[in-house]
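Chain residues, written in single-letter form:
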Amino acid sequence: MARARMGVIGAGWWATQYHIPSLKTYEKAELVGIADVKPEKAAAAADYYDIGDTYHDHRELLAAGVDGVVIAVQHAYHYEVARDALDAGVHVLVEKPMTLTAADAWDLVGRAKNNGLHLMVGYTSQFTRHADAAREIVQSGKIGDVQLVSGIFTSWVESYLRGRPQDYAEAFGFPVTGPEPNSYSDPNIAGGGQGHLQVTHPMGMVLWVTDRRAVEVFAFMESYDLAVDLVNSFSYRLDNGASGTMASTGAMRPQQRLDQGFVYAGSNGVVRQDLAGGRLEAEYHDGTFEHFTDLTEEELYPAHLPSRGLTDLILGEAENRAPGEVGARVVEFLEAGYRSAASGCPVRVDSLV
């Protein structure tokens, strides 16, 4: 069986909890090494998962003959590391948010295209059968022209935004290491809070399902006593004239039920996609319905699949479920939203460049 030679850049929480074990147990991948600017973190991950080679500099890993890399470093460094990988001729899966600015995101898209390389973003929910079905219904025109998209996304990340990741040690398990205290709480590293850490997920889904692009965004954001945003709401217009809303908070607690889902309303029907509950249904104006079997607990959030998805892409065995183009559309949506919240005015996406 053909195997792709894979590397992981960043030995923090998400890489050690999901990406590394996923690649280690995938018969189509050979995990040849990991890199981290903190040698002790790379060494701890290599020891825990029995990985032979570790690197202090990601460029050394890129030169070690890898076909693809998973990049799971802090937000502010996504662009630099992904750029270096693409310039080295290596396929890339970069964690979300893809970058912190639209200019950097579209630059990566251009580099990947020019070099004939795959570029993915670390969106997980696109790897479910419900995501496939919602996308097929919406893009096939079964609900007619999309006129409204309404979304809500609640999550429990407040302690991350406060620089207290160990508050979640029991809930997440952290097999090797948790996030650094400043990873999500310092705007110089994280960019924003709930927007860059969480809203990137649902908007990645919306823009992938609809295959649309936001053209104008108006946002309210509240940080309360944090250095980054905790609660935000976005109103936006898509490039076909449809209106959209996205409301989000990171202030939930691990024991609380989450609300995460969307309504896609069209001229001929509506799709209701419940991410957290694993439910999907379509209702048409002629009175007919489509109801899909609920996702199982194992299917709800397949965090092990993005890294395997890049492996399959490299081997020519899959489609890109989280392409760089969609990631860039999300980045420009978020950048416009942050600018709008700061100015109190709507921001057109084409004004960002």
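Predicted model only: the values in this text are computed from it and were never measured.

Student: For this particular structure, what's the right way to read the environment of Arg 253?
Tutor: Tracing the sequence through the fold places Arg 253 in the loop between β10 (243-249) and β11 (260-266). The exposure class assigned to Arg 253 is partly exposed, which follows from its relative accessible area of 36%. For the pair Arg 253 and Val 157, spaced 96 residues apart in sequence, the C-alpha to C-alpha distance is 8.1 Å. Once residues lying within four places of it in the same chain are set aside, the contact partners of Arg 253 are Trp 156 and Glu 158. Polar side-chain contacts of Arg 253 include one of 2.7 Å to the backbone oxygen of Ala 251.

Student: Would you take a moment to explain the nonpolar core for this structure?
Tutor: The nonpolar side chains of a soluble globular protein tend to be buried, and buried together. Counting residues in hydrophobic clusters, the biggest one holds 71 residues, and the most contacted among them are Met 98 and Tyr 264. Counting residues per element, this core draws most heavily on helix α12 (residues 324-343), at 8 residues. Discounting chain neighbours no more than four positions away, the residues touching Tyr 264 are Val 138, Ile 143, Leu 148, Val 149, Met 205, Val 206, Val 209, Thr 210, Gly 269, Val 270, Val 271 and Gln 273.

Student: What should I look at first to understand empty space enclosed by the protein in this one?
Tutor: Vacant regions in the atomic arrangement are exposed by a probe of water-molecule size rolled over the atoms. Enumeration according to the criterion identifies 1 cavity of 30 Å³ or more in this entry. What lines the largest cavity is Ser 125, Thr 128, His 130, Ala 131, Gln 273, Asp 274, Leu 275, Leu 295 and Leu 300. Going through the elements one at a time, α6 (129-140) and β12 (269-274) are the ones with two or more residues in the lining of the largest cavity. Split by residue class, the lining of the largest cavity holds 4 nonpolar, 4 polar and 1 charged.

Student: Teacher, can you tell me more about the pattern of salt bridges here?
Tutor: Close approach of charged atoms lets side chains of opposite charge pair. Throughout the structure, instances matching the rule amount to 27 salt bridges. The shortest N-O distance in the salt bridge between Asp 274 and Arg 279 comes to 2.6 Å. For Arg 279, a relative accessible area of 40% translates into the label partly exposed. Counted as one network, the salt bridges with shared partners bring together Glu 158, Arg 162, Asp 225 and Arg 253.

What counts, and at which threshold
Residues numbered from 1 in each chain as written. Predicted model: local features only at pLDDT ≥ 70, side-chain atom pairs only at ≥ 80, totals over all residues. Heavy atoms only, no water. Helix = DSSP H or I, 4+ residues; strand = E, 2+ residues; numbered from the N terminus. Buried < 20%, exposed > 50% of the residue type's maximum accessible area, 1.4 Å probe, protein only. Contact = heavy atoms within 4.5 Å. Polar contact = N/O pair within 3.5 Å; in protein donor to acceptor, adjacent residues only side chain to side chain. Core = buried A, V, L, I, M, F, W, Y, C linked by side-chain atoms within 4.5 Å. 1 Å grid on protein atoms, 1.4 Å probe; cavity = no way out; pocket = protein on both sides within 12 Å on 5 of 7 lines; lining within 4 Å. Points joined across faces, edges and corners; volume = space filled by probe spheres on them. Nonpolar A, V, L, I, M, F, W, Y, C, P; charged D, E, K, R; others polar. Salt bridge = Lys/Arg side-chain N within 4 Å of Asp/Glu carboxyl O.

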